[in-house]
Amino acid sequence: MTVLDLRQMGGIFVKHEMRRKDRLVSDEKAREIMEKAEYGIFMTADAEGQPYGVAVSHVVDGDKVYFHCAADVGRKIENIKVNNKVCMNFTCNTFVDGENYTHRYESVVAEGIATIVEDKEEKYHALKLVTKKYAPMSFKDSDDYILPKMDITGVVRVDIETMSGKVNAR
């Protein structure tokens, strides 16, 4: 496969062939890794191509990733406005396996298009998902927290176009 070839894997396309094919996982497993990762690294580039990455509290909803942020301010929001092509990395279950001179991990790289969510229903939906993941014990009372902050809270949606996951486990 060349870099220009596309290979379909469960609905998402992988643009580049992975060198360590023995570590490649299915789209189903990749989504599982994305969902259980404590955070994702959201990466953008500005109009001049200067890269920027920041950890975000995310949720996965089908082929979309949502996260909350400040509304309409900040470097990631400014970058999305000029270049909405983004990348995210999700990593979990990491540890150094010194006996075998390796690092164990589960990881996914997802590329897609970022959108600042303006629709109130979609924004509310995303914030409910974030609350359910990160504050499950308080979820039943989450409207008391979410609704008063809707106007000052931003939500970004990443529509996943490509992803690849790999695992180096025992």
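(A) Layout of the nonpolar core. Grouped together as the largest cluster of nonpolar side chains are 26 residues, with contacts concentrated most on Met34, Phe42, Val65, Phe90, Val156 and Val158. When contributions to this core are tallied by element, the ones reaching two or more residues are helix 1 (27–36), strand 7 (64–70), helix 2 (75–82), strand 8 (85–97), strand 9 (102–116) and strand 10 (153–168). Considering every element that reaches this core, the biggest residue donor is strand 10, with five residues. Setting aside residues no more than four positions away along its own chain, Met34 makes contact with His58, Val60, Val65, Phe90, Val108, Lys133, Ile160 and Met163. Formed by nine residues, the second largest nonpolar core is a distinct cluster that contains Val59, Tyr66, Val117 and Val130.

(B) Up close: the confidence of the model for the protein. A residue-level look at the protein finds 86% of positions with pLDDT of 70 or above and a mean pLDDT of 86. For the stretch residues 1–14, pLDDT sits under 50, and the model shows 33 contacts to residues farther than four places along the chain or on other chains.

(C) The arrangement of the side chain of Thr44 in detail. Inspection of the secondary structure puts Thr44 in strand 4 (residues 40–45). A distance of 2.7 Å separates a polar atom in the side chain of Thr44 from a polar atom in the side chain of Asn79. Setting aside anything within four residues of it in sequence, one finds Thr44 in contact with Gln50, Pro51, Tyr52, Lys76, Asn79, Ile80 and Val86.

(D) Fine view of helix 1. Among all positions of helix 1, only Asp27, Ala30, Arg31, Ile33 and Met34 are buried. Take helix 1 and look down its axis: the buried residues cluster within an arc of 160°, on one side only.

Scoring rules and cut-offs
- Residues numbered from 1 in each chain as written.
- Predicted model: local features only at pLDDT ≥ 70, side-chain atom pairs only at ≥ 80, totals over all residues.
- Heavy atoms only, no water.
- Core = buried A, V, L, I, M, F, W, Y, C linked by side-chain atoms within 4.5 Å.
- Buried < 20%, exposed > 50% of the residue type's maximum accessible area, 1.4 Å probe, protein only.
- Helix = DSSP H or I, 4+ residues; strand = E, 2+ residues; numbered from the N terminus.
- Contact = heavy atoms within 4.5 Å.
- pLDDT = per-residue confidence, 0-100.
- Polar contact = N/O pair within 3.5 Å; in protein donor to acceptor, adjacent residues only side chain to side chain.
- Arc of directions from axis to C-beta.

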